[in-house]
Amino acid sequence: MGHAESSNGGNADFKNMPGETGNAGRGLPNTVLDHSYRDFSSWRSNCCKAFVVSIEVDDWKGMLKKLGAPYVVVTDRKDSWQGLELDITSKVTPGLTYAVSASVAVSVPCNDVLATLRLEDGGCSTNYMRVGRISATMEEWRILQGTFTLKTLPERVIFYLEGPSPGVDLFIRSVVISCSSPPSSCKHSLCDKAGDENIILNPTFEDGLNNWSGRGCTVVLHDSMADGKILPQSGKGFAAASGRTQTWNGIQQDITGRVQRKLAYEATAIVRIYGNNITSATVQATLWVQMPDKRQQYIGISSVQATDKDWVQLQGKFLINGSPEAVVIYLEGPPAGIDILINNFKVKHAAKVAPLPRPAIENIIYGLNAVQNSDLTDGTNGWFPLGNCTLSVNAGSPHILPPMARDSLGDHEPLSGRYILVTNRTQNWMGPAQIIKDQLKLFATYQVSAWVKIGPGASSSQNVNVALSVDDRWVNGGQVETNDDRWHEIGGSFRIEKQPSRVMVYIQGPGSGVDLMVAGLQIFAVKRQARFRHLNKQIDKIRKRDVSLKFAGSAGGVSLGCPVKVRQISNSFPIGSCINRTNIDNEDFVAFFTKNFNWAVFGNELKWYWTEAQQGNLNYQDADDMLDLCEKNNIDVRGHCIFWEVEDSVQSWVRALSDKDLMTAVQNRLTSLLTRYKGKFIHYDVNNEMLHGSFYQDRLGKDIRAEMFKKAHQLDPSATLFVNDYHVEDGCDTRSSPEKYIEQVLDLQEQGAPVGGIGIQGHIDSPVGAVVYSALDKLGILGHPIWFTELDVSSANEYIRADDLEVMLREAFAHPAVEGVMLWGFWELFMSRENSWLVNAEGDINEAGKRYLKLKEEWLTHAHGLVDQQGEFRFRGFHGTYEVEIVTPSKTVSETFVVAKGESSLVLSIDL
């Protein structure tokens, strides 16, 4: 660069402005330096001038109004290398990688800002290292990013910002340099201490209300309230957000520059409420994030039910994917007029918690019934009536096991044909019960099976439920709806992961006065590996094909015995994931997603409440950005969803429309969405969860559902139109049983709706293969492709989570009617269910993620051998894309080919 004289200059005058406070001790995890405009007193200006512009002094050339934040001005620049510098020699270590992030702007647009290192070795030499560059503007803050690694440590390491043309002012809002090497590698003291430091300034209000402000309300400092009845839990005082007129009003702090992207933070606050005529309300911690393109995000961190009686702790985690221009954390939530009180607020880098070990399930006998005297050979011994009902034993129930139990247990002795008759029932929870705690093992997966029937006299359909009372918690063991005089199979599953003091199983459900009959109740632990062997045989039949590669050369043949290697590059079976707009700002997320999934679905960004939150204001930018990412990576996309039938998921302005205006809005929504994205989405979920909601049908009549399908098909004939619902596959919800789903699809088709696919969401707990496969078999009679559209499993133990995920993926892959699986996310803090992620917030793959990748690898075929006498090489492999390499005496030839679905052997000619 030729400017060794750049070390000349003087210390800039960066004293704190009136009303400002210093930021000592506010470091971040692995942070070398984290300076906002308040912290530049240790920096030097290179042959130019520098000073702070803030609210309290004159606006520098009107730039404060444009940029909207205090900042450092570097002016009187006579050369492009002149700027601001800092000696960081003591803060860096050779061999480690450091990340730089600086928020910058310029007084003349389209000027580059550069981050540079000057490496000085005494009088010997001076070298320069370019760290990063960005084209800056005068209208907004841009984030300059880069990384550097030093092989050796010179005598001095000077970091500086430079670059704009002579005469162009440089504006700097913040600079963060952090050690991005693994934490165990980062040796300097600042890195060692940073993880324990709170990034909230004045967290206990020891310095009054400095650094705090009201969000649409007033903030007041107290040492007590309510005539001394409210005192701080700790410290000398607390703050109150008062005069709140909206639920989003509260207390806030700007933490811009003190949080790093792609790091997980844990927020902890001690809160309570105060106000008239209210004893409890939800208090929520929220993060407001603004990106350099002015796009705003609201990230819910956590919430707690606060009271006016005592302080409670609010705790949650968050992560910022992109490089924000501004970040504010605040408390909100209670109704207007209620004060939010806060005694303490901490935000620290979230500690990584060691995963729980794989649980040991000892002395378990798979298939053994945990229910005593299930065959009733000893009358009702072991059973007792729950409530003031009467139990008796009768004969005449089925002698065969219910089909789902038979699929798991295999050959089994016949049932006794005896059943419990429950009479004199005056409450729906009354029925036969039994204590089974001693028969159950922690972490084992149990299947539930029984025959049930109701007596005559019921005026409507009745639900029957096998339930478990685990201490004071209700656990659903399966449900079925019955409205006739037949025996019905009931099936479900459960798991207990914490040691209970009492477990009771009971059968309940029918209304008062309706007799209940129960036969052959079975509760038994399932051995999954035995079923996997059966599934592998199914998988081989439906997901593989025989392939014959025929080699021919221009010389008339191929030498016998030439070595051949076949490697499958990708399996064509669709396995995708839900993604969100904020995820694609995180390159680590994008790398995992694009490498390990071949389909995508948008979590919220295509839903009507997202694309038109306010009437007439359309927002397709988020969906456009996500679709662009998928198209660039050859990832197909499902459209979720055009409408959502559950009223709570319909935005308020839509609910407020008259019936006539609602019909117009529905037509406009269809036209707007499907014309914009015609041919872009392979599937659409037309009207989500029609088994659980009826908003549009109630308002616009029964025909509206079929009309939605017909209009969608008219606007985009290429898209396959799906129904989509939950609890279809697990036996625990009578509203969405396979039978109800089939009835709904047939009814839509009778009205002319072009239903083309069946969506099973798949939010499931403790899955049992036989129960899931039974639902798939039933739905398979419709002849439509079945997709798991929102699959997730949840367990605090990663090994159990991995086991559950493996069950679901193997069952889906082995069923001929299933044509794809979508996971409902995989990255921690961006999942709808707790303890369901495969990758933690900072990119570490857990046991569930490893199991997923292992299955992906298992479902790839690799083969090798020699060319036979017919000039062929044969193998059987999964459908998908392959690469073959053959080595002849004269050359090595590689080609790519595709194995598509097909019944007959695939013969491919490879021209050498």
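Quick caveat: nothing in here was measured; it's all calculated off a predicted structure. (Residues numbered from 1 in each chain as written. Predicted model: local features only at pLDDT ≥ 70, side-chain atom pairs only at ≥ 80, totals over all residues. Heavy atoms only, no water.)

**A closer look at the pairing of strand β11 (residues 156–162)**
Alright, step 1. With 6 of 7 residues buried, β11 is to be regarded as a mostly interior element.
Alright, step 2. Bridge count between strand β6 (residues 84–87) and β11: 4 bridges; the pairing is antiparallel. Within the sheet, the bridge partner assigned to E85 lies in β11 and is Y160.
Alright, step 3. As defined by bridge partners, strand β8 (residues 111–121) adjoins β11 across 7 bridges and the pair is classed as antiparallel. Residue pairing in the sheet places L117 in a bridge with F159 of β11. (Buried < 20%, exposed > 50% of the residue type's maximum accessible area, 1.4 Å probe, protein only. Helix = DSSP H or I, 4+ residues; strand = E, 2+ residues; numbered from the N terminus. Pairing = 2+ DSSP bridges.)

**Description of the pattern of salt bridges**
Alright, step 1. This structure, assessed with the given rule, holds 52 salt bridges.
Alright, step 2. We note a salt bridge from D628 to K632, for which the minimum N-O separation is 3.1 Å. Of this pair, D628 and K632 are both found in helix α7 (residues 621–632), 4 residues apart, which corresponds to roughly one turn of the helix.
Alright, step 3. Judged by relative accessible area, which is 33%, D628 ranks as partly exposed.
Alright, step 4. Of the residues examined, K632 reaches a relative accessible area of 64% and is grouped as exposed.
Alright, step 5. The salt bridge involving R851 is made with E806; its shortest N-O contact spans 2.7 Å. You can see R851 sitting in helix α15 (residues 847–858) and its partner E806 sitting in helix α14 (residues 798–814), a full 45 residues away along the chain. (Salt bridge = Lys/Arg side-chain N within 4 Å of Asp/Glu carboxyl O.)

**Overview of the nonpolar core**
Alright, step 1. Core analysis: the biggest nonpolar cluster contains 119 residues, and L549, F551, V566, Y684 and Y696 have the highest contact counts within it.
Alright, step 2. Of the residues forming this core, the biggest block, 8 residues, is contributed by α14.
Alright, step 3. When neighbours within four sequence positions are excluded, Y684 is seen to be in contact with L606, G639, I642, L673, L674, Y677, D716, A719, T720, L721 and F722. (Core = buried A, V, L, I, M, F, W, Y, C linked by side-chain atoms within 4.5 Å. Contact = heavy atoms within 4.5 Å.)

**Some words on the sheet that holds strand β32 (residues 516–525)**
Alright, step 1. Taken together, 5 strands build an open sheet; the order of strands is β24-β25-β32-β27-β30 and the sheet is antiparallel. Two strands in the sheet have a free side with no partner beyond their single neighbour: β24 (390–395) and β30 (488–495). Taken pair by pair, the neighbouring strands of this sheet meet at an average axis angle of 30 degrees, ignoring direction.
Alright, step 2. Pairing analysis gives 8 bridges linking strand β27 (residues 445–454) to β32, with the strands arranged antiparallel. The residue of β32 that forms the bridge with K453 is M517. (Axes fitted to C-alpha atoms, helices over the stretch in contact; angles between N-to-C directions.)

**Quick look at the packing of aromatic side chains**
Alright, step 1. Under the definition given, this model contains 36 aromatic pairs.
Alright, step 2. For the pair Y446 and F494, a centre-to-centre distance of 5.5 Å together with 15 degrees between the ring planes defines the contact as stacked. Residue Y446 is located in strand β27, and its partner F494 is located in strand β30; the two are separated by 48 residues in the primary sequence.
Alright, step 3. Their ring planes at 85 degrees and their centres at 5.7 Å tell us that Y620 and Y677 sit as a pair that is edge-to-face. Residue Y620 is located in the loop between α6 (608–611) and α7, and its partner Y677 is located in the loop between α9 (659–676) and β38 (683–688); the two are separated by 57 residues in the primary sequence. Taken individually, Y620 and Y677 each receive the classification buried, so the pair is uniform in this respect. (Phe/Tyr/Trp six-rings, centres within 6.5 Å; stacked < 30°, edge-to-face > 60°.)

**Some thoughts on helix α12 (residues 738–750)**
Alright, step 1. Along its 13 residues, α12 runs 18 Å from first to last C-alpha, staying within 8% of the 18 Å computed at 1.5 Å per residue.
Alright, step 2. For α12, every residue scored as buried is listed here: P738, Y741, I742, Q744, V745 and L748. The arc enclosing the buried residues of α12, seen along the axis, measures out at 160 degrees, which places them on a common side. Residues E743 and E750 are exposed on α12 and point more than 90 degrees away from its buried face.
Alright, step 3. Along its buried surface, α12 packs onto α11 (704–715), β39 (720–725), β40 (757–760) and α13 (769–780).
Alright, step 4. G752 sits one or two positions beyond α12 and adopts a positive phi of about 90 degrees. (Expected span 1.5 Å × (residues − 1). Arc of directions from axis to C-beta.)

**Overview of the packing of helix α4 (residues 528–543) against α14**
Alright, step 1. Interaxial distance between α4 and α14 falls to 8 Å at its minimum, and their mutual angle equals 35 degrees. As for the relative orientation of α4 and α14, their crossing is left-handed in sense. Facing R528, R531, F532, L535, N536, Q538, I539, I542 and R543 of α4, the residues of α14 in contact are D803, D804, E806, V807, R810, E811, A812, F813 and A814.
Alright, step 2. Here the residues of the contact of α4 with α14 are counted per class, giving 8 nonpolar, 2 polar and 8 charged. (Left-handed = near helix turned anticlockwise from the far one by under 90°. Nonpolar A, V, L, I, M, F, W, Y, C, P; charged D, E, K, R; others polar.)

**Quick look at the environment of I569**
Alright, step 1. Here I569 lies in strand β34 (residues 563–571).
Alright, step 2. As for I569 and E489, which are separated by 80 residues in sequence, their C-alpha atoms are 44 Å apart.
Alright, step 3. Excluding anything up to four places from it in sequence, I569 contacts L860, T881, Y882 and E883.

**Overview of the packing of α9 against α11**
Alright, step 1. Following both chains from N to C, one finds α9 and α11 inclined at 30 degrees, their axes separated by 9 Å at the closest point. With respect to each other, α9 and α11 are oriented roughly parallel. The handedness of the crossing between α9 and α11 comes out as right-handed. For the pair α9 and α11, the contacting residues are M663, V666, Q667, L670, T671, L674 and T675 in the first and I704, M708, K711, A712 and L715 in the second. (Parallel < 35°, antiparallel > 145°, perpendicular 65-115°, else oblique.)

**Observations regarding the environment of N127**
Alright, step 1. When you line up the elements, N127 lands in strand β9 (residues 125–136).
Alright, step 2. Each C-alpha atom, one on N127 and one on P154, is 9.8 Å from the other, the two residues being 27 residues apart in sequence.
Alright, step 3. Discounting residues that sit within four places of it in the chain, N127 has contacts with L117, R118 and L119.

**With respect to the side chain of Q568**
Alright, step 1. Take Q568: it is sitting in strand β34.
Alright, step 2. Residues contacting Q568, with those up to four places away along its chain left out, are W859, L860, T861, H862, F878, H879, G880, T881 and Y882.

**Re unusual backbone geometry**
Alright, step 1. Residue C641 is reached from H640 by a cis peptide bond, and omega for that bond is -10 degrees.
Alright, step 2. Tracing the backbone through its elements, the reader meets C641 in strand β37 (residues 636–644).

**Quick look at the pairing of strand β36 (residues 599–602)**
Where a strand is regular, its side chains alternate between the two sheet faces.
Alright, step 1. The alternating pattern of β36 places W599 and V601 on one face and A600 and F602 on the opposite face, and all of these are buried.
Alright, step 2. Pairing of strand β35 (residues 575–579) with β36, which is carried by 4 bridges, proceeds in the parallel orientation. Residue pairing across strands places G576 opposite W599, the latter belonging to β36.
Alright, step 3. Pairing analysis gives 3 bridges linking β36 to β37, with the strands arranged parallel. The partner of W599 across the bridge, within β37, is D636.

**What to know about the sheet that holds strand β31 (residues 503–508)**
Alright, step 1. With antiparallel pairing, 5 strands are arranged side by side in an open sheet as β23-β26-β31-β28-β29. Either end of the sheet is taken by a strand with one partner, and the two such strands are β23 (384–386) and β29 (473–482). Ignoring which end each strand starts from, the neighbouring axes of this sheet average 25 degrees apart.
Alright, step 2. Note: strand β28 (residues 462–470) against β31, 6 bridges, orientation antiparallel. Bridging across to β31, L468 finds its partner in V505.

**Here's the deal with the side chain of T861**
Alright, step 1. For T861, the location among the structural elements is in the loop between α15 and β44 (862–866).
Alright, step 2. A relative accessible area of 9% places T861 in the buried class.
Alright, step 3. Of the polar contacts made by the side chain of T861, one reaches the backbone nitrogen of F878; its length is 3.0 Å.
Alright, step 4. Excluding residues within four positions of it along the chain, T861 makes contact with V566, R567, Q568, F875, R876, G877, F878 and Y882. (Polar contact = N/O pair within 3.5 Å; in protein donor to acceptor, adjacent residues only side chain to side chain.)

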